[in-house]
Amino acid sequence: MDQQPPGASGPRPPVDGPPVCYRHPDRETAVRCVRCDRPICPQCMVSASVGFQCPDCVRQGSGTGHGASVTQPRTLAGGVVAADPRLITKILLGINVAMFVAVSVNDALLDKLVLLGRANFYYGGPPEGIAEGQWYRLVTSMFLHQEVWHIAFNMLGLWWLGGPLEAVLGRVRYLALYLISGLAGGALTYWLAEPNQPSLGASGAIFGLLGATIVLMRRLNYDMRPVFMILALNLIITFNPWGGIAWQAHVGGLVAGVLIGIAMLHAPRERRDLVQFGACAAVLLATVLIVVTRTAALS
């Protein structure tokens, strides 16, 4: 397939339908490289001082006069453009599946790793839970699932939402978003739920990805109706009258995802790292304060 070289001028060949990314023909996009004018999808967008550039133009020096070895392509959020933009998503999915298999084989693991405020698992036994110093439950519970439908639903959400976000944010920022959103959801559950009510699942982290996706689509001026429909459907499921869902995890993860997403995607270029990781630190600090306050109340 012939491609117009970077920086080439002249009219673009006519195409039928909406433009598609020149590197990913299956993805429609309304954004073009400011140098070569080729359509680029969020995965291929490299933030520039004005607009976005494609990876090919960046590798040729981004107009700085330096060679490709000096200038490293960056994503929309400032992350490094990776060869496999779904690597972290695949690893997270693998950990969740591995934990599901482990719990299926050994039920005893569930009581040891599930999110729990404070309770006795058997009469006369010692109290267990986060309030008893088992803070690791906030992390392990993020990767636990007991029902097939539960892990299937969450892993589909992780794959659909996580892959595009990882490509846009870069691996480090994406992993920070996922983990902090999951922790925020667990912390809100610990704070508001009954201390003897166990909770598990990656829903807090998935809702964090959903919140960041909303921010991303707004940033790119995409049609917001589909993502709002998904959000509305998930909120209906979250607050269903039959119960059985830790709505606190969903709300906590969603709020954390929106806040971190805003910082990741709207940070000024000259202070990008400070704003992005400062926001992550602020949300994480708020999460820790919630956990410490609840622990003091239960102790």
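Data block above holds the structure.
In this text, all values refer to a predicted model and were calculated from it rather than measured experimentally.

S.K.: What is the right way to look at the pattern of salt bridges in this model?
M.R.: According to the stated counting rule, one finds 7 salt bridges in the structure shown. Close ionic contact of Asp 223 with Arg 225 constitutes a salt bridge, the shortest N to O distance being 3.0 Å. The exposure class of Arg 225 is exposed, given its relative accessible area of 60%.

S.K.: Help me out: how do you make sense of unusual backbone geometry in this one?
M.R.: For residues besides glycine, phi is generally negative; the peptide bonds are generally trans as well. One non-glycine residue, Asp 37, lies in the positive phi region at around 70°. Mapping Asp 37 onto the fold places it in the segment before β1 (46-47). For Asn 221, which is not glycine, the phi torsion reads 60° and is therefore positive. Within the secondary structure, Asn 221 is located in the loop between α7 (203-219) and α8 (225-238). Looking at Asn 221, the relative accessible area reads 62%, which means it is exposed.

S.K.: Where do I start with the side chain of Gln 248 in this structure?
M.R.: Among the structural elements, Gln 248 can be located in helix α9 (residues 247-266). Overall, the relative accessible area of 8% leaves Gln 248 in the buried class. Not counting residues within four places of it along the chain, the set of residues in contact with Gln 248 comprises Gly 185, Leu 188, Thr 189, Leu 192 and Ala 193.

S.K.: Whenever I open this one, the packing of α7 against α9 confuses me. Can you help?
M.R.: Two packed helices can be described by the angle between their axes and the distance between those axes. Close contact between α7 and α9 brings their axes to 6 Å; oriented N to C, the two are set at 35°. Considering how the two elements wind past one another, α7 and α9 form a crossing that is right-handed. Between α7, through Ser 203, Gly 204, Phe 207, Gly 208, Gly 211, Ala 212, Val 215, Leu 216 and Arg 219, and α9, the contact on the second element is made entirely by Ala 249, His 250, Gly 253, Leu 254, Gly 257, Val 258, Gly 261, Ile 262, Leu 265 and His 266. Residues belonging to the contact of α7 with α9 are distributed by class as follows: 9 nonpolar, 9 polar and 1 charged.

S.K.: Whenever I open this one, the packing of aromatic side chains confuses me. Can you help?
M.R.: By convention here, two paired aromatic rings are described through the distance between centres and the angle between planes. For the structure shown, the criterion picks out 0 aromatic pairs. Here Arg 38 stacks its cationic end above the ring of Tyr 22, 3.9 Å away from the centre of that ring. Lying across the ring of Trp 159, Arg 86 places its NZ or CZ 4.2 Å from the centre.

S.K.: Sorry if this is basic, but what is going on with the side chain of Arg 272 here?
M.R.: Relative to the helices and strands, Arg 272 is located in helix α10 (residues 272-298). Salt bridges are absent for the buried Arg 272, whose nearest opposite-charge side chain, Asp 273, sits at 6.0 Å. Apart from residues lying up to four places away in sequence, Arg 272 is in contact with Ser 47, Leu 76, Ala 77, Gly 78 and Ala 267.

S.K.: What should I look at first to understand helix α2 (residues 87-105) in this one?
M.R.: Structural remark: α-helix, 3.6 residues per turn; residues separated by three or four positions point the same way. The terminal C-alpha atoms of α2, which comprises 19 residues, lie 27 Å apart, in line with the 27 Å expected from a rise of 1.5 Å per residue. Within the sequence span of α2, burial applies to Ile 88, Thr 89, Leu 92, Asn 96, Phe 100 and Val 103. Taken down its axis, α2 places every buried residue within 115° of arc, on the same side.

Parameters at a glance
- Residues numbered from 1 in each chain as written.
- Predicted model: local features only at pLDDT ≥ 70, side-chain atom pairs only at ≥ 80, totals over all residues.
- Heavy atoms only, no water.
- Salt bridge = Lys/Arg side-chain N within 4 Å of Asp/Glu carboxyl O.
- Buried < 20%, exposed > 50% of the residue type's maximum accessible area, 1.4 Å probe, protein only.
- Helix = DSSP H or I, 4+ residues; strand = E, 2+ residues; numbered from the N terminus.
- Contact = heavy atoms within 4.5 Å.
- Axes fitted to C-alpha atoms, helices over the stretch in contact; angles between N-to-C directions.
- Left-handed = near helix turned anticlockwise from the far one by under 90°.
- Nonpolar A, V, L, I, M, F, W, Y, C, P; charged D, E, K, R; others polar.
- Phe/Tyr/Trp six-rings, centres within 6.5 Å; stacked < 30°, edge-to-face > 60°.
- Lys NZ or Arg CZ within 6 Å of the ring centre and 35° of its normal.
- Lys, Arg positive; Asp, Glu negative; His and termini not counted.
- Expected span 1.5 Å × (residues − 1).
- Arc of directions from axis to C-beta.

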